[in-house]
Every structure is written in structure tokens, then in C-alpha cells.
Amino acid sequence: MPTVDISSWSETIRRHAVRANPYREFERTAAHAEEALAALGHDDVRALLEFKRKGGPGGRLLIRNGAIDPDLMPTTESTEDIENGKGTYYSEFTLIMLGKLLGEPFSYSQERNGAIIHNVRPAKHNETNISSDSSAVILDLHNENIYHPVQPDYLMLSGLRRDPAGVAKTLVIGADEILPLLSAEDVDTLSAFQFRTSVDYNFGNSDAERGNGPAIRVLFGNPASPMIAYDDEYIAGTNPRAQAALDRLRVILHENMYAVDLGPGETLLLDNLKTVHGRTAFTARYDGTDRWLQRLLVSRDLRRAEMLLGDTRRTVEWNYEPGKFYGYVDYR
Ligand SMILES: [Fe+2]
């Protein structure tokens, strides 16, 4: 996987990350992150800006050698304990710098109470739900919020602590990597509005039935390096041919996906329009040693939210109304 080394950021991060608590004062922290970016040289950000400008193979980058928080607290289910007691916020600050370089970090009011930095670790009450805080079940391949008018352009996952058993892995595959494995006929089918996705329960879909939401194309954009809208669980073909192509795509994605084990100081940057991701099942211990990741969503341009939703807040508010026509899918 293409990698970028950000060891040259460490000193800047250590200097600026101590100035504010990112959970309590996000906007102040984001301003500090801008200052920190301005203190770097072009060589320090060149590869990331290039990824933003023209993408890269597989739609992903592994960012390595980030500043590591010393004396990391035990993994805890308590969000409050993390937000108040983590001590240093190097991992959060690194994510915010990366987010600021690529666009704007943002969140959804319905997810994690609108928190911008998501702490992803096993939660007992979510063990068998299909959510990022589950553990006992595989997290289906998907890309983030494909039904939403303001879809993240990028998704970043940082490793703070590995699964001690070495079983939990992030799964990822790029649309460009599976394109040669699809028949020309299936590519045609997947590139037409012959699919529907359902909308996440949190966003107002009360019956959560597969395929009851907006019409979508699964492949779109540049035919040579397409964008993808995919979800193992939510999408259905609107006719038997479309469903058969989707079933074949599912097999190809699962047979070819990569497993990534994110350790401290490592961040996986995913182009959310060109990759799908998931997670293997694992056994959580709830003893402080469990796997711990942090996640940040990035929009290249939050003005899109203003254009489509009439709002400019960093925490986007939108609820799906069943039966309503959503013209935003035409933007894709
Ligand atoms: Fe996800």
C-alpha cells in the first residue's frame, strides 16, 4: 500500500496539540492545526496534497510515524473518560491537521452526538450490532453514508492500540482494484440507476428495510477509475439483472479485500468515494487492552452542505423523509 511518512510533523504536533482539548474546544484546536500546518514545509505535505489532487492506486494511503501519545490510558468504553482524561491529544491533533489539509472535518448530528473525533473501541452493549463499536460480528463492507446528501470525501482511521490477539483488522478495497475483475456487462449494469440504497436508522429510516431509499448507481464518475457506492447490507438491485451484478460484485469485493492492522502512529486515509471498508470480527476483553481507533470524516467542501441543506454548521443536520424525491443523487 502506498505510504507517507509524517515523522517530520512530530515536533510541531507536540508543540501545538497541548494548547486546547479537541473535544471541548474543537474550533480552537482546528485553528491551532492550521497554524501547525503553516509551520511545516512543502516536503512535509507534498504527498498528501498530491493524493488530494489526483488520488492514488487503491484510493488509499497509509500514513506512518505520526506522533504517539505517551502513556496512553487503558482502552475504555467511557467517552467522557477519554475526552477528559487522555492526557495528551497527539492522535486527535494529527487527525485534525490531516483533515484540514484535505478539506474540513465534519460530523452528523445523529452519529455519536455530533462528535467530530470518533473513538472506536468495542462497547459491550454494541457487541453484536453492526456498528463500528461492535466486535463479535464482521462489519460489512460499505462506504460511509452513501445515502446522505453530504457524503464524506475522506475517512481516516488512526490506530491507538492494536487488538492484543491480532485478530481485528480493518478491511479495505478500492474500486479501481476490482474493476478489471468485473465483466463489461456488469460494469454497465452497475453504472446505471438500477439500485436503491436504504438509509441508516439513525437518519430517519424507521423500517430499515433493504433498498427502500434513494435510487443510486453503484459505479459512477470516471470509467477508468470509477467511484463506488456500496454497502453489503443496504443496497438492492431494482431488477434481477441488477441484483445478479450486485451479487457478483459482492463476491469479488470480499475475495480481494485487504486486511490492515493499524498500530500506534498509523493512520489509514481512505477516499470514501473510491474505496469500501469494513472490519473483521474479534473477541473483545473489556480489560483496558482492547483495540482502539480514532476516526475522522472529511468533506472537501462543506459549502455543498450549505447548497443542499441551507446550513453551514460543521455538524450536519439532515433527516430522510421516506417517499420524498432526493435530487442530490443526480450530482453523482
Ligand atoms: Fe464505516
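Summary of the structure given here. This one's a predicted model, so the numbers in the text were calculated from it and none came from an experiment. (Residues numbered from 1 in each chain as written. Predicted model: local features only at pLDDT ≥ 70, side-chain atom pairs only at ≥ 80, totals over all residues. Heavy atoms only, no water.)

Some words on the pattern of salt bridges
Inspection of the entire model under this criterion finds 21 salt bridges. Salt-bridge contacts for Glu34 lead to Lys100; the nearest nitrogen and oxygen are separated by 2.8 Å. Placement of the pair is Glu34 in helix 2 (residues 26-38) and Lys100 in helix 5 (residues 90-102), with a sequence separation of 66 residues. The exposure class of Lys100 is buried, given its relative accessible area of 15%. Glu185 is the salt-bridge partner of Arg241, the closest N and O atoms lying 3.8 Å from each other. (Salt bridge = Lys/Arg side-chain N within 4 Å of Asp/Glu carboxyl O. Helix = DSSP H or I, 4+ residues; strand = E, 2+ residues; numbered from the N terminus. Buried < 20%, exposed > 50% of the residue type's maximum accessible area, 1.4 Å probe, protein only.)

Some thoughts on the packing of helix 3 (residues 42-54) against helix 5
Axis angle and axis distance: for two packed helices, these are the angle between their axes and the distance between the axes, and together they describe the pair. The interhelical angle for the contact between helix 3 and helix 5, taken along N-to-C directions, is 50°, at an axis separation of 10 Å. In terms of their interaxial angle, helix 3 and helix 5 are classed as oblique. Here helix 3 runs over helix 5; the crossing is right-handed. On the side of helix 3, the interface is formed by Val45, Leu48, Leu49 and Lys52, while helix 5 contributes Leu98, Leu101 and Leu102. Residue composition of the contact of helix 3 with helix 5, by class: six nonpolar, no polar and one charged. (Axes fitted to C-alpha atoms, helices over the stretch in contact; angles between N-to-C directions. Parallel < 35°, antiparallel > 145°, perpendicular 65-115°, else oblique. Left-handed = near helix turned anticlockwise from the far one by under 90°. Contact = heavy atoms within 4.5 Å. Nonpolar A, V, L, I, M, F, W, Y, C, P; charged D, E, K, R; others polar.)

A short note on the packing of aromatic side chains
Evaluation of the coordinates by the stated rule reveals seven aromatic pairs. Ring geometry for Phe106 against Tyr108: centres 5.3 Å apart, planes inclined by 80°, an arrangement best described as edge-to-face. Per residue, the accessibility class of Phe106 equals that of Tyr108, and both read buried. Ring centres 6.5 Å apart and planes at 40° place the aromatic pair Phe203 and Trp318 in the tilted group. With a gap of 115 residues between them, Phe203 in the loop between strand 8 (195-197) and strand 9 (215-216) and Trp318 in the segment after strand 17 (315-316) connect regions that are remote in the sequence. Exposure remark for Trp318: the relative accessible area of 9% places this residue in the buried category. Through a chain of ring-to-ring contacts, three or more aromatic side chains come together here, namely Phe106, Tyr108, Tyr147, Phe203, Trp318 and Tyr320. (Phe/Tyr/Trp six-rings, centres within 6.5 Å; stacked < 30°, edge-to-face > 60°.)

Focus on unusual backbone geometry
In this model, Asp71 sits at a positive phi of 50°, which is unusual for a non-glycine residue. One can find Asp71 in the loop between strand 2 (60-64) and helix 4 (79-85). The backbone phi angle of Asn113 is positive, close to 55°, even though this residue is not glycine. Relative to the assigned elements, Asn113 resides in the loop between strand 3 (104-108) and strand 4 (118-120).

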